[in-house]
2 protein chains.
Amino acid sequence: MTKINVEKCAGLLKEKDNILILTHAHPDGDTLGCGFALCRALLQLGKKARVICGDEIPAKYAYLYRDITMPDFEAEYIVAVDVATENLLGSLADTYGGKIDLCIDHHGSNTAYAEYLLLNADAAAAAETVFKVIKAMRVKIDKGIADCLYTGLTTDTGCFRYASTTSNTYRAAAELIDLGADNGIINRVMFETKTKTYAALERLAIEGMRFYENERVCVITVTQEMYRVTGSGEEETEAIAPLTRQTEGVEIGLTIREKADGKCKCSIRTYESVDASALAACFGGGGHKQAAACKFDCGVAEAKKLLLAKCRDFLS
Amino acid sequence: MTKINVEKCAGLLKEKDNILILTHAHPDGDTLGCGFALCRALLQLGKKARVICGDEIPAKYAYLYRDITMPDFEAEYIVAVDVATENLLGSLADTYGGKIDLCIDHHGSNTAYAEYLLLNADAAAAAETVFKVIKAMRVKIDKGIADCLYTGLTTDTGCFRYASTTSNTYRAAAELIDLGADNGIINRVMFETKTKTYAALERLAIEGMRFYENERVCVITVTQEMYRVTGSGEEETEAIAPLTRQTEGVEIGLTIREKADGKCKCSIRTYESVDASALAACFGGGGHKQAAACKFDCGVAEAKKLLLAKCRDFLS
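Fair warning: this is a prediction, and the values are worked out from it, not measured in the lab.

Caption draft 1: Representation of the relation of the copies chain B and chain A. For the pair chain B and chain A, the superposition axis carries a translation of 0.0 Å, the fit reaches an RMSD of 0.2 Å, and the rotation angle comes to 180°. Taken together, the rotation and translation describe the operation of a two-fold axis. A share of 100% of interface residues in chain B that are also interface residues in chain A marks the association as one of identical surfaces.

Structure below.
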């Protein structure tokens, strides 16, 4: 693995052709925004390029690619964007593991699996760095590219809300808006609009929200029965976890989700007072200081008991 | 009334002393952020200045002013910030109506009640313009001023989410962060944290959310009983109205709030397909195209019937 800078990265991409761009599984706005922005830039340079993902791309992201045609070709150069480890490629990992030529990323935890790595761990979104690469490639940034990159910035920062957002993130957003990015519509689609099925699931989740340890712990449980009743599914539960941390006084938010086999997973959200990854580690999980996850071989009720006991330890 | 530019405004402020700054009633982050930023700048220039508000300032805004001492003095120059009409001064209107020397605002609907008016209706927040004035006054912008101005920007744009947010808004935010504004903490306090009483009220509101007209209309009803049960109050209901518009397919969101006297008010939220102010006007109310309000002399159930009948007309 060789660490490279923006100019070297742009140079590599300019000299290659038939470029396959890989995004991570359970795709989000950053991996997809980076992928399609880079693809658009390469197409504009007259190269063949396409974006693939191990999972289906949710319909709300269709605007990232619906006006471009991505040709078929035999891949000669393989690029991963916003993918911290090869495992995160999901179903693509078997085919492309060990074969990735270039990775552009912003995760400090990147495992350096690619031949060349352009990593900026200070960037709030990988799109900040892809934006620089596209500028260095001297591609004209049109509305399509600007919409893709803005999508990456806004989704990875919770609409510029998270503490990870820097003045550089805001400056990049300003530039992209001047280049045509439709910030009003993109933010409405990403942050204001809930599918009917998700809205129904969220209502049930909030009705079932419970507080423990003097309201310092908040628990939401999502069961298979709730998916059945609402028509929602596990792929829509990402927005549930942050709800557990929003009530004043809560220090630990737990979202326990029942899987189809009756076992369960837990998403943990905390503020500074509690290390979420340390709590998750008690159950073999991991993650970041304020957002982590772990799995259980038992059902929801038993997992909740185990988690609440550990929470008590962490809070005392 | 004379319309002035940023330089003229800065010049006026520099030549005055004993400056009283008025904010609007039901104060929000923009009026308060502008008021305390301007006050800090004037104090730094060795002038006497203070900020007043017709209503109590919610505790979450304490960081805007807790490290400064505002002296007492007899007002010689009266400035209103982010106040579109004198009525919006609330309980201050009687004392200061007709006596306002200078107004800095961003509402296109400003009634030009002040002797001098600095108006930028393209700004997403009044804080964008106050920022320019403070720069033109050649004051050193410290962390305190930066926090105040950033608060104005982020609160009036729903954390840079609304379509009103421009590249200038993002650029101002970037500058303020470089000047020390603590964006992570400010956004957490303003957008991530719900008081226990509000969180309880919101849960009840969401449980009672109902859909009509093929789920194109969403209604939330907030009753006096709900305030009693949750310990919440009308001052905490502002964040409820946007919830009605978040479900995919909803074109009209209605939040009907029962008042202590049994009568009620309705907040209307729409997307482009429906003119909220026209709907509100059917009941003697008014507002903007996508956010409006009206009052009823009847109770909640009757108002809901009247509103739903009108919604049917508007949707057909």
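Caption draft 2: Inspection of the environment of Val 79 of chain B at higher detail. In this structure, Val 79 of chain B sits in strand S4 (residues 77-81). The contacts of Val 79 of chain B, once residues within four sequence positions are left out, are Leu 13, Ile 19, Leu 20, Ile 21, Leu 22, Leu 38 and Leu 102 of chain B.

Caption draft 3: A look at the pattern of salt bridges. Evaluation of the coordinates by the stated rule reveals 31 salt bridges over all chains. A salt bridge links Glu 272 of chain B to Arg 188 of chain A; the shortest N-O distance between them is 2.9 Å. Linking Glu 272 of chain B in the loop between strand S10 (264-270) and helix H10 (276-281) with Arg 188 of chain A in helix H7 (residues 183-192), this pair reaches from one chain into another. Taking the relative accessible area as the measure of exposure, Glu 272 of chain B reaches 54% and is therefore exposed. Looking at Arg 188 of chain A, the relative accessible area reads 22%, which means it is partly exposed. In this structure, the salt-bridge partner of Asp 297 of chain B is Lys 263 of chain B, at a minimum N-O distance of 3.7 Å.

Caption draft 4: Seen up close, helix H1 (residues 6-15) of chain A. Residues and elements named next belong to chain A. Taken as a whole, H1 has its buried residues at Val 6, Cys 9, Ala 10, Leu 12 and Leu 13. Within H1, the buried residues cover an arc of 160° as seen down the axis, which keeps them to one side. Exposed residues lying more than 90 degrees from the buried face of H1 are Glu 7 and Glu 15. Considering only its buried residues, H1 is in contact with strand S2 (19-23), helix H2 (29-44), strand S4 (77-81), strand S5 (102-105), strand S6 (116-119) and helix H4 (126-136).

Caption draft 5: Summary view of the sheet that holds strand S6 (residues 116-119) of chain B. All names here are of chain B. The six strands are arranged S1-S6-S5-S4-S2-S3 in an open sheet whose pairing can be described as parallel. Edge positions in the sheet fall to strand S1 (2-3) and strand S3 (49-52), since each has one partner strand and no second. In terms of strand pairing, strand S2 (residues 19-22) meets S4 through four bridges, oriented parallel. Among the inter-strand pairings, Leu 22 is bridged to a residue of S4, identified as Ala 80. Lying over the sheet, helix H1 (residues 6-15) contacts S2, S4, strand S5 (102-105) and S6, oriented at roughly 135° with respect to S6. Here helix H2 (residues 29-44) sits on the sheet in contact with S2, S3, S4 and S5, set at roughly 170° to S3.

Caption draft 6: Fine view of the packing of aromatic side chains. By the definition in use, this model includes 13 aromatic pairs over all chains. Where Tyr 150 of chain A meets Phe 160 of chain A, the ring centres are 5.8 Å apart and the plane angle is 45°; that geometry is what we call tilted. Pair noted here: Tyr 150 of chain A is in helix H5 (residues 143-156) and Phe 160 of chain A is in the loop between H5 and helix H6 (167-178), with a separation of 10 residues, a long-range link. An identical accessibility class is assigned to Tyr 150 of chain A and Phe 160 of chain A; each is buried. Cluster of aromatic residues (ring-pair linked, three or more members): Tyr 150, Phe 160 and Tyr 170 of chain A together with Tyr 150, Phe 160 and Tyr 170 of chain B. Above the face of the Tyr 271 of chain B ring, Arg 188 of chain A is positioned so that its terminal group lies 4.0 Å from the ring centre.

Caption draft 7: Fine view of the interface of chain B and chain A. Opposite the 40 residues of chain B that make contact, chain A presents 40 residues. Of the roughly 3,800 Å² buried where chain B meets chain A, counting both sides, 50% is carbon and sulfur surface. The largest contributions to the chain B side of the interface with chain A come from Arg 161, Tyr 170 and Glu 192 of chain B, which together make up 20% of the buried area. If you look at where chain B meets chain A, you find 10 salt bridges. Taken together, the links from chain B to chain A amount to 18 residue pairs in polar contact (both at pLDDT 80 or more). At the level of secondary structure, the elements contributing two or more residues to the side of chain B that touches chain A comprise helix H6 (167-178), helix H7 (183-192) and helix H8 (196-207) of chain B. Top contributing element to the side of chain B that touches chain A by residue count: H6 of chain B, with eight residues. In terms of residue class, the side of chain B that touches chain A is made up of 15 nonpolar, 11 polar and 14 charged.

About the cut-offs
- Residues numbered from 1 in each chain as written.
- Chains lettered and ligands numbered in written order.
- Predicted model: local features only at pLDDT ≥ 70, side-chain atom pairs only at ≥ 80, totals over all residues.
- Heavy atoms only, no water.
- Least-squares fit on C-alpha atoms with pLDDT ≥ 70 in both.
- Contact = heavy atoms within 4.5 Å.
- Helix = DSSP H or I, 4+ residues; strand = E, 2+ residues; numbered from the N terminus.
- Salt bridge = Lys/Arg side-chain N within 4 Å of Asp/Glu carboxyl O.
- Buried < 20%, exposed > 50% of the residue type's maximum accessible area, 1.4 Å probe, protein only.
- Arc of directions from axis to C-beta.
- Pairing = 2+ DSSP bridges.
- Axes fitted to C-alpha atoms, helices over the stretch in contact; angles between N-to-C directions.
- Phe/Tyr/Trp six-rings, centres within 6.5 Å; stacked < 30°, edge-to-face > 60°.
- Lys NZ or Arg CZ within 6 Å of the ring centre and 35° of its normal.
- Buried area = accessible area lost by both parts, 1.4 Å probe.
- Polar contact = N/O pair within 3.5 Å; in protein donor to acceptor, adjacent residues only side chain to side chain.
- Nonpolar A, V, L, I, M, F, W, Y, C, P; charged D, E, K, R; others polar.

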